[in-house]
Structure formats: structure tokens, C-alpha cells
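Residue-level structure breakdown
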Amino acid sequence: MHHVRFRDPAGAVRTGEWHGDSVSFGGEGYDLDEVDVLPPCEPSKIVCIGRNYAKHAEERDEEVPDRPLLFLKPPNAVAGHGDTVTLPAGKENVEHEAELAVVIGEQCRNVAPEDAEDVIAGYTVMNDVSNRDDQDIETNWVRGKAFDGSAPLGPVLADPDHLPDDASISLRVNGETRQDSSIEHLIFSIPDLVAEITTYMTLEAGDVISTGTPEGVGPLEDGDHVEVEVEGVGVLEHDVRQD
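Here goes a summary of the coordinates provided. As the structure is a prediction and not an experimental result, all values here were calculated from the model.

How each quantity is defined
- Residues numbered from 1 in each chain as written.
- Predicted model: local features only at pLDDT ≥ 70, side-chain atom pairs only at ≥ 80, totals over all residues.
- Heavy atoms only, no water.
- Helix = DSSP H or I, 4+ residues; strand = E, 2+ residues; numbered from the N terminus.
- Buried < 20%, exposed > 50% of the residue type's maximum accessible area, 1.4 Å probe, protein only.
- Contact = heavy atoms within 4.5 Å.
- Salt bridge = Lys/Arg side-chain N within 4 Å of Asp/Glu carboxyl O.

Overview of unusual backbone geometry
Residue P155 follows G154 across a cis peptide bond; omega there is -5°. Residue placement: P155 occurs in strand β14 (residues 151-158). One non-glycine residue, N110, lies in positive phi territory at about 55°. Among the secondary structure elements, N110 is positioned in the loop between β11 (98-104) and β12 (120-127). Phi is positive for W141, which is not a glycine, with a value near 65°. Counting through the fold element by element, W141 comes out in the loop between α2 (132-135) and α3 (142-145).

In C-alpha cells form, the structure reads like this:
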């Protein structure tokens, strides 16, 4: 099943089922233009993985890390399907990064790789919008990665069995394909990521692990329309505005 959070015409927040061009809850169906699609979860934190595809590390002229490279995005970074992301003012190089995102289903700590599936609620799609102007001169990436709206997320939470082992991942800007790869090229697997992260921190229900981006990252500009697609999960769409 593909689950969706949305605000219905009466203003109530519902968690229902996604049907592609409509949503439903409690026997009532709504066309997408009747509702506001919300992010599929409300994370206390998003744990992101840097350079988890070798070809992306290569295009950034950086080494593949010998252990998962972790950084955080806070709740203010979350944006939803159909939202408009405002790029940081005065920045010349803000880029898209298509990513498969793991949604955690329960509070967990010290999870072994073989037990990772037990704590995963499902999968969604994320765009790790990145301000390279500041990222490339920072060590903690707060300005580069944690600005408001820098983590568009959605539109659905797909049950784990919907994700193929070799799921394709792609990104289009104004209809032009920029990124096109597969999660089979992940350097560190999802079970290994869950294990590594929970060695250091407790994950809460609704927290997100964004698993890294393949090659093909590129600039975003005022007025762009972005589509990020993960096979078996769905297509996240959002617009971009530059003040």
C-alpha cells in the first residue's frame, strides 16, 4: 500500500491511501486538487548520507568514504509534495539531489543489520536540496544543507515490499532528465546504514534516513519544476523560487 498524509477540504489532517490521481480516507475519496498533500511523516530529524554512490563522489571530485558519511537536516527543512522551495538568497550554486528515503517505524537504538527491516515503516522520496556556495567552505554543512525547505519529502509512504532491490532513481527538471541510476549502486546498504546510525543515536518513529544521491546533480533556478522518482515508491514534485 501507498499511504498519504493530507489535509482534506474541511481542514482535517488525514492519513489515507494514495491512488495516483486521488486519495481516500474512511470511505471518502478526493481528487488531488481538493486536498493539500503533506509530508508522509513528521521527523524529529533527517539523517542524511553523503557520497553513498561512487559516481557522485567522483563528480564532486571527492573520495568514497570508508564508513557512512552522516549529516543532519532538522524539521524546518521538511517540505511537501507540491510545495515551492525558496532557495537561499544571494547563493549562486544550489543543486538538486534525488534520494531514496527510509522512514523509521519505531523508537530504536543499537539495531543489528539483520534486524533493520523490523524498524522500517516504509520508503519515500526526497530531494536533498544543497547550497554548494556554503557547503563547499563549511565543515558541518548547516548553511549548506539545513536551510528551510531543503528536504522536500513525499508524496507517499510506500510499504517496504513495494521497493525493488534494484529500484531505479531519477530526477527531472522542467521535464529534462538530470539523474538516472539505481539503488543497487548504493555503497552502504540500508541495513548497514540503520545499524551505523543507531550505534550513535536513538531514532524515533517518523525519523528519516536519506540514503544518498547518484551522479548527475545540477543547479536549480527560479521557476524550475522538479520531479524525483523512485521505482515502486512514487514521484515527488515541487517548484523552486529564488527571492
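After that view of the structure, there is still more to cover.
Section: the environment of K91
Within the fold, K91 resides in the loop between β9 (84-87) and β10 (94-95). Exposure remark for K91: the relative accessible area of 26% places this residue in the partly exposed category. Sequence separation between K91 and N131 is 40 residues, and the spatial gap between their C-alpha atoms is 7.2 Å. Residues within four places of K91 in sequence aside, it is in contact with N131, D133, D134 and Q242.

Overview of the pattern of salt bridges
All chains considered together, the criterion is met by 15 salt bridges. E95 is the partner of R132 in a salt bridge, and the nearest nitrogen-oxygen pair spans 2.7 Å. Placement of the pair is R132 in helix α2 and E95 in strand β10, with a sequence separation of 37 residues. In this structure E95 comes out as buried when scored by relative accessible area, which is 11%. A salt bridge links E97 to K145, with the shortest nitrogen-to-oxygen separation between them at 3.5 Å. Highlighted residues: E97 in the loop between β10 and β11 and K145 in helix α3, separated in sequence by 48 residues. When sorted by exposure, E97 lands in the same class as K145, which is buried. Overlapping salt bridges bring together K73, E95, E97, D128, R132 and K145 as one network.

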